[in-house]
Amino acid sequence: MSKRLSLYVLSILLTVSVLTGGCQVSASGRKIVIYHTNDIHGYIAQRQALFFKQDPQRLIGGFAALSKLLSNEKEPYLLFDSGDMFSGAPEGSLTNGESVIMLMNHLGYAAAAIGNHDFDKTVRILEKLSGQAKFPLLGANIVNRHAGKKGPSASEIAERPDYAQPYMIKEHLGYKIGVIGLITQNTPNVTLHKNVDHLKFLRPLNVAKGLVKKLREEEKCDLIILLTHIGWHKAGDETFEDDKFLASNLDGVDLILGGHTHTFLKEAYRDPAKGTIVIQSGQYLSAAGRIELTLGSDRKVEKFEHSLIDLWIDEIGQDAATRDIVNGFTKKVDAKLAATVGETREDLIHKRTEETNIGNLIADSIRASAAAQIALHNAGGVRDSIPKGPVTMRQIYSVLPFDNTVVTVKMTGAQIKEVLELSAGAGGSRILPSGLSYTFDSSRPRGHRIVSATVDGKALAVTRTYLVATNNFLSDGGDGYSPFSDARERKDTGVLLRDAVAGYIGKHTPVAPKIEGRIIERRGGRD
């Protein structure tokens, strides 16, 4: 080919490139692949799948498995997380989240929403982690309490914390993608209040409306994604404005990547009127969501394919380089938490919505530690199970990852009954008792759900005052349990829950806690 002809061909190719914006000539049928995680809670490593009854020793999860999964992807992809990244497993908590940020950087996350438990280690730590991240932490409805504006225009408030970026715009495959981060408005009730008392958490719907309009009209974004830490309500618990609510009440949103309620949405939800797609991908990095959007020539989503992929080690494998990073943190944690404190003769299995043997063990430990008449602990504060055999501090740390302390208060029987009423609400995680048993019917209206309650075999006396042991989160009214805030003579013992449980197991080893009928649910008068 002559030099003159070569130049002519090159000029034609450059002209075509300019006219098509550097993209394919036809955008119809173009695919955008997105991977998603949520509620990692510091679980950077593989672990036994104690929930898997067929083989509870089978290994699942961790960043090395996720990295291997991503390495097998043939299409260009974006990777997002929906918050609660750091606090939980020892590798996350004991490193103040730095292990998680390092691995998320390594895997190339595009953005992450801020979750309520990302405030657990104080705002100062969150600010530090934000500086270490090679991706933005998003929280459009997080503002400083002194901010003056309210309502839909609040999305433009200047007094937003530096670590909480409202949105990001990502150029990907010739498309302009706007990603907005939102956190539950209930954050002050589901994290230590003192860590967020200088902040306000605005209504997500109001903030999102303003930002979606801005990204569509001013920034000319082709796609809008909400990265949310708000949750997915259970049937019968339509008490909060969840991702499904946002999908049905917002115009211009293509995809919601959710978190907070640890929901394994095996099938994506699509709002029938708005067309907005919602996915949520479980918890503890035991699964990852993959969604493939096919866009038409009008740059709108024509169709999608979604899968929730379990990260089984024997199926997915592990990336060696990522595994080396994980092992480095795991070895450091093992050196601190390898000590055996005792033994259990039973598998200690945790479930939030019913009585469990591990819940009874924890409540008994708290009660014994404070020499109280009654102990009340929130099931949401229990985060793992323990298999039968030796019990190590590492396992106790995984079960009780938050730095909560044992607190005593004096409460009337009426206040205790109100706590139980709140616990009996449909879909809620239960209050775990010691020294007390209760029967409830969640189908009844509030105020009438408690069928009976007994203390040491005798009926709970509403006018009597009891010494109650609990934790500092509940004693501040956490999880909406306001009756604790009205209790008298609050005393923080300074004893960590982990230490109380470790000491109890050591003293009573081997332990073999049972289901004793402390929590009984009846519906329509039947067990």
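Residues numbered from 1 in each chain as written. Predicted model: local features only at pLDDT ≥ 70, side-chain atom pairs only at ≥ 80, totals over all residues. Heavy atoms only, no water.

Caption draft 1: Structural view of the packing of helix α2 (residues 63-71) against helix α10 (residues 320-337). For the pair α2 and α10, the least separation of the axes is 8 Å and the interaxial angle reads 165 degrees. Between α2 and α10, the crossing angle belongs to the class labelled roughly antiparallel. For the element pair α2 and α10, the recorded crossing hand is right-handed. Across the interface between the two elements, Phe63, Ala64 and Ser67 from α2 touch Thr322, Arg323 and Val326 from α10. For the contact of α2 with α10, a count of residues per class yields three nonpolar, two polar and one charged. (Axes fitted to C-alpha atoms, helices over the stretch in contact; angles between N-to-C directions. Helix = DSSP H or I, 4+ residues; strand = E, 2+ residues; numbered from the N terminus. Parallel < 35°, antiparallel > 145°, perpendicular 65-115°, else oblique. Left-handed = near helix turned anticlockwise from the far one by under 90°. Contact = heavy atoms within 4.5 Å. Nonpolar A, V, L, I, M, F, W, Y, C, P; charged D, E, K, R; others polar.)

Caption draft 2: Structural context of unusual backbone geometry. Here Thr509 and Pro510 are connected by a cis peptide whose omega angle stands at -5 degrees. Relative to the helices and strands, Pro510 resides in the loop between α15 (497-508) and β27 (519-521). The backbone of Thr122 shows a phi angle near 85 degrees, a positive value even though the residue is not glycine. Summarising the element assignment, Thr122 is placed in the loop between β5 (111-113) and α5 (123-132). Positive phi outside glycine occurs at Glu489, with the angle close to 55 degrees. Summarising the element assignment, Glu489 is placed in strand β26 (residues 488-496). Using a relative accessible area of 41% as the deciding quantity, one classes Glu489 as partly exposed. (Buried < 20%, exposed > 50% of the residue type's maximum accessible area, 1.4 Å probe, protein only.)

Caption draft 3: View of empty space enclosed by the protein. This structure, assessed with the given rule, holds two cavities of 30 Å³ or more. Within this model, the largest cavity holds a volume of roughly 50 Å³. Surrounding the largest cavity, Leu348, Ile358, Leu361, Ile362, Ile386, Ile396, Val399, Leu400, Val501 and Ile505 form its lining. Elements with a contribution of two residues or more to the lining of the largest cavity: α11 (357-370), α12 (393-399) and α15. Looking at the lining of the largest cavity element by element, the count peaks at three residues for α11. Class assignment for the residues of the lining of the largest cavity results in ten nonpolar, no polar and no charged. (1 Å grid on protein atoms, 1.4 Å probe; cavity = no way out; pocket = protein on both sides within 12 Å on 5 of 7 lines; lining within 4 Å. Points joined across faces, edges and corners; volume = space filled by probe spheres on them.)

Caption draft 4: Inspection of the layout of surface pockets at higher detail. Taken as a whole, the second largest pocket spans an internal volume of roughly 250 Å³. Counted by class, the lining of the second largest pocket contains four nonpolar, three polar and nine charged residues.

Caption draft 5: Quick peek at the sheet that holds β27. Taken together, four strands build an open sheet; the order of strands is β24-β23-β22-β27 and the sheet is mixed. Two strands close off the open sheet at either side, each with one partner strand: β24 (458-459) and β27. In the sheet, strand β23 (residues 450-455) pairs with β24 via two bridges, with the strands oriented antiparallel. When the bridges of β24 are listed, Val455 appears paired with Lys458. (Pairing = 2+ DSSP bridges.)

Caption draft 6: Region of the structure containing the nonpolar core. Core analysis: the biggest nonpolar cluster contains 56 residues, and Ile416 and Tyr438 have the highest contact counts within it. No other element matches the six residues that α15 contributes to this core. Setting aside anything within four residues of it in sequence, one finds Tyr438 in contact with Leu420, Ser423, Arg430, Ile431, Pro433, Ile450, Ser452, Ala453, Arg518, Ile519 and Ile520. By size, the runner-up hydrophobic cluster in this structure holds 44 residues, among which are Ala45, Leu79, Ile114 and Ile142. (Core = buried A, V, L, I, M, F, W, Y, C linked by side-chain atoms within 4.5 Å.)

Caption draft 7: Up close: the sheet that holds strand β12 (residues 255-258). A sheet is described by the order of its strands in space; here six strands give the open sequence β8-β9-β11-β12-β14-β13, paired in mixed fashion. Each having just a single partner strand, β8 (167-172) and β13 (269-270) make up the two edges of the open sheet. Where β12 meets strand β14 (residues 277-280), four bridges bridge the pair, whose relative direction is parallel. Pairing of Gly258 across the sheet is with Gln280, part of β14. In the packing of helix α7 (residues 204-218) onto the sheet, the strands contacted are β8, β9 (175-183) and β11 (223-229), and the crossing angle to β9 comes to about 165 degrees.

Caption draft 8: How the structure looks around α2. A large share of α2 lies buried, amounting to seven of its nine residues. Regarding α2, the residues found buried are Phe63, Ala64, Ala65, Leu66, Ser67, Leu69 and Leu70.

Caption draft 9: A look at the packing of aromatic side chains. With the rule as written, the count across this model stands at nine aromatic pairs. Judged by centre distance (4.4 Å) and plane angle (25 degrees), the rings of Tyr43 and Tyr284 are stacked. Taken together, the residues Tyr43 in the loop between β1 (30-37) and β2 (47-48) and Tyr284 in the loop between β14 and β15 (287-295) connect sequence positions 241 residues apart. The class for Tyr284 is buried, based on a relative accessible area of 8%. (Phe/Tyr/Trp six-rings, centres within 6.5 Å; stacked < 30°, edge-to-face > 60°.)

Caption draft 10: Summary view of the pairing of strand β16 (residues 301-310). Bridge count between β15 and β16: nine bridges; the pairing is antiparallel. Each bridged residue has a counterpart across the sheet, and for Leu295 the counterpart in β16 is Val301. Where β15 folds back on β16, the antiparallel hairpin that results is connected by five residues, among which Arg299 adopts a positive phi of roughly 65 degrees.

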